[in-house]
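# Secondary and tertiary structure notes
Below, each chain spelled out in residue letters.
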Amino acid sequence: MKQEILKHLSAHHPWRDRILVLDVLDSTNAYARHLAKEGAPEGTVVIARQQTAGRGRMNRSFHSPPDAGLYLSLVLRPKCMVGDLIHLTCAVAVAVCDAIENVTGVRPGVKWINDLVLNKRKIGGILTQLRISCPGTVDYATIGIGINLTAQEFPRELGHIATSLEAELGTAPSLPKLAAAVIVALEAMDLEGQWLDQYRKDCITLGSQVRVISDEDTREGRALDVCPNGALLVEFTDGHRETVAWDDVSVRGLWDYI
Ligand code: BTN
């Protein structure tokens with residue numbers, strides 16, 4: 001598979017020699033974190049054909065059966081403070097939507113902050129993890145991307161949530177071609193501002209009724225905007241406005257929030 005991916009990358013792509021493809025891993029993010037801790041450079045890409053313990057945001061599991069999806073993680077070494085990187089997931093989402101659109105001709109939407117959505121169901125997601133060193137600077141970031149490619153039986157709890165590109169579009173894109181497109185889009189990703197306009201267009205959460213679920217409570221409101229730092233501006237039912245950055249946000253009409 002690695003040779004196939006390389007065929008779709010330019011001979012001068014700066015990350016060409018940093019791509020690892022393995023048959024099985026517990027989680028490509030866990031392995032990328034391990035490599036980053038050992039000093040792996042920015043642009044190290046880990047792809048597995050199968051994950052036995054794939055993870056999503058909020059410590060949910062990510063269903064990753066063999067050769068049914070793209071399971072890819074990337075090591076980045078941004079030189080900034082942790083507070084300056086809330087929007088990293090948003091910028092990655094735009095890059096991954098670009099890649100999917102380039103390969104399939106169809107652009108998915110994004111459910112804030114990290115879910116990739118097609119026809120109101122989830123085709124994949126993004127898991128960004130940061131390693132912070134004192135005093136709050138980012139040592140490295142691992143960005144994990146999971147995209148369901150082939151039509152498959154999802155676990156019962158995902159039955160009404162998850163779908164795949166094949167189920168929605170009729171054909172599954174080639175995994176190596178999509179992997180290469182994602183790598184190209186991530187390398188070209190602009191963290192300095194260009195992402196925001198496109199993210200606002202892609203974000204299906206905007207204008208929707210939402211539930212904001214934190215450890216303390218669940219509150220209802222309407223999503224008004226995505227802020228330049230990636231946080232979601234919500235107007236709650238009592239009229240006050242607040243930005244949310246770390247909470248879980250359900251969208252009315254999408255899976256578990258009817
Ligand atoms: C989510 O649904 O909240 C994010 C899912 C992210 C899944 C990808 S698959 C590759 C990488 N390795 C993991 O364990 N998770 C990410």
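Here the structure is shown first, and the text comes after it.
Quick look at the structure, then.

Procedures and definitions
For every chain, the first residue of the written sequence is number 1, and numbering continues from 1 along that sequence. With the structure being a predicted model, the display of local features is reserved for residues of pLDDT at least 70 and the display and counting of side-chain atom pairs for 80 or more, all residues being used for whole-chain, interface and lining totals. Excluded from the side-chain calculations are hydrogens and water; all other atoms, namely the structure's heavy atoms, are used. Here a residue counts as near a molecule or strand whenever at least one of its heavy atoms sits within 4 Å of it. Under this definition, polar contacts are N or O atom pairs within 3.5 Å; protein pairs additionally need one hydrogen-donor-capable and one acceptor-capable atom, and for neighbouring residues in sequence, both atoms have to be side-chain atoms. The Shrake-Rupley method, run with a 1.4 Å probe sphere, supplies the accessible areas, and residue values consider only the shown protein chains as cover. The helix count covers DSSP runs of H or I at least four residues long, the strand count covers runs of E at least two residues long, and both are numbered beginning at the N terminus. Think of it this way: a Phe, Tyr or Trp ring, Trp meaning its six-membered ring, pairs with another when their centres are within 6.5 Å, and the plane angle makes it stacked under 30 degrees, edge-to-face over 60, tilted otherwise. Accessible area is worked out with a 1.4 Å probe on protein chains only. A residue is then buried under 20% of its type maximum, exposed over 50%, and partly exposed in between. Two conditions define a charge located above a ring, namely a distance within 6 Å from the ring centre to NZ of Lys or CZ of Arg, and an angle within 35 degrees of the ring normal. Each helix should span, by expectation, one fewer than its residue count multiplied by 1.5 Å. Any two strands with at least two DSSP-identified bridges between them are counted as paired. For this text, the term disulfide refers to a pair of cysteine sulfurs within 2.5 Å. Residue contacts are counted whenever heavy atoms from the two residues lie within 4.5 Å of one another. To define a nonpolar core, start from buried Ala, Val, Leu, Ile, Met, Phe, Trp, Tyr and Cys residues and group those joined through side-chain atoms within 4.5 Å.

## Examining the site of the ligand
- Among the 21 residues in the neighbourhood of the ligand, the closest are listed as Ser27, Gln51, Arg55, Arg57 and Lys122.
- Asparagine 114 is positioned such that a nitrogen or oxygen atom in its side chain is 3.0 Å from an oxygen atom of the ligand.
- Lysine 122 places a side-chain nitrogen or oxygen 2.5 Å from an oxygen atom of the ligand.
- In isolation the ligand exposes 410 Å². Once the protein is present, 98% of that is buried.
- Elements with a minimum of two residues in the shell around the ligand: α2 (28–37), β3 (69–76), β6 (121–133) and β7 (137–148).

## Points about the packing of aromatic side chains
- Summed over all chains, the structure comprises 1 aromatic pair.
- Note on tryptophan 195 and tyrosine 199: the rings are 6.2 Å apart at their centroids and 70° apart in plane angle, and the pair reads as edge-to-face. Taken as a pair, tryptophan 195 and tyrosine 199 lie in helix α6 (residues 194–202) at a separation of 4 residues, close to a single helical turn.
- Residue classification places tryptophan 195 among the buried residues on the basis of a relative accessible area of 4%.
- Given the relative accessible area of 0%, tyrosine 199 is considered buried.
- Across the ring face of phenylalanine 236, the terminal group of arginine 219 is positioned such that the distance to the ring centre comes to 4.1 Å.

## Regarding helix α5 (residues 175–187)
- The end-to-end C-alpha distance of α5, which contains 13 residues, comes to 18 Å, matching closely the 18 Å that a straight helix rising 1.5 Å per residue would cover.
- Burial of α5 is extensive: 10 of the 13 residues sit out of reach of the surface.
- Backbone nitrogen of lysine 177 and a side-chain oxygen of the N-cap are separated by 3.0 Å at the start of α5; the cap is serine 174.

## So, the pairing of strand β2 (residues 45–51)
- Within β2, 5 of the 7 residues are buried, which leaves the element mostly enclosed by the surrounding structure.
- Relative to β2, strand β1 (residues 19–25) is paired through 6 bridges, and the arrangement is parallel. Within β2, the residue paired with leucine 20 across the bridge is valine 46.
- Strand direction decides the pairing type here: β2 and β3, joined by 4 bridges, are antiparallel. Bridge pairing links isoleucine 47 to leucine 72 in β3.

## Observations concerning the state of the cysteines
- A full pass over the atoms with the stated rule returns 0 disulfides.
- Counting only cysteine sulfurs, cysteine 90 is the nearest neighbor of cysteine 203, a cysteine outside any disulfide, at a range of 7.8 Å.
- Accessibility expressed as a relative area gives 4% for cysteine 203, which makes it buried.

## Quick look at the side chain of threonine 163
- Relative to the helices and strands, threonine 163 resides in the loop between β7 and α4 (165–169).
- For threonine 163, the contacting residues outside a window of four places in its chain are Leu118, Arg121, Lys122, Ile123, Asn148, Phe154 and Glu168.

## A closer look at the nonpolar core
- Counting 65 residues, the largest nonpolar core has Ile145, Ile147, Leu186 and Tyr199 as its most contacted members.
- When residues no more than four places from it in sequence are discounted, the contact partners of tyrosine 199 are Cys90, Ala93, Val94, Val110, Trp112, Ile113 and Val226.
- In this structure, Leu35, Ala36, Ala40 and Val75 belong to the second largest nonpolar core, which totals 9 residues.

## A short note on the side chain of asparagine 114
- With respect to the helices, strands and loops of the structure, asparagine 114 is situated in the loop between β4 (109–111) and β5 (115–118).
- The buried category is assigned to asparagine 114, whose relative accessible area is 5%.
- A distance of 2.8 Å separates a polar atom in the side chain of asparagine 114 from the backbone oxygen of isoleucine 126.
- Those residues in contact with asparagine 114 that lie beyond four places of it in its chain are Arg57, Thr89, Gly124, Gly125 and Ile126.

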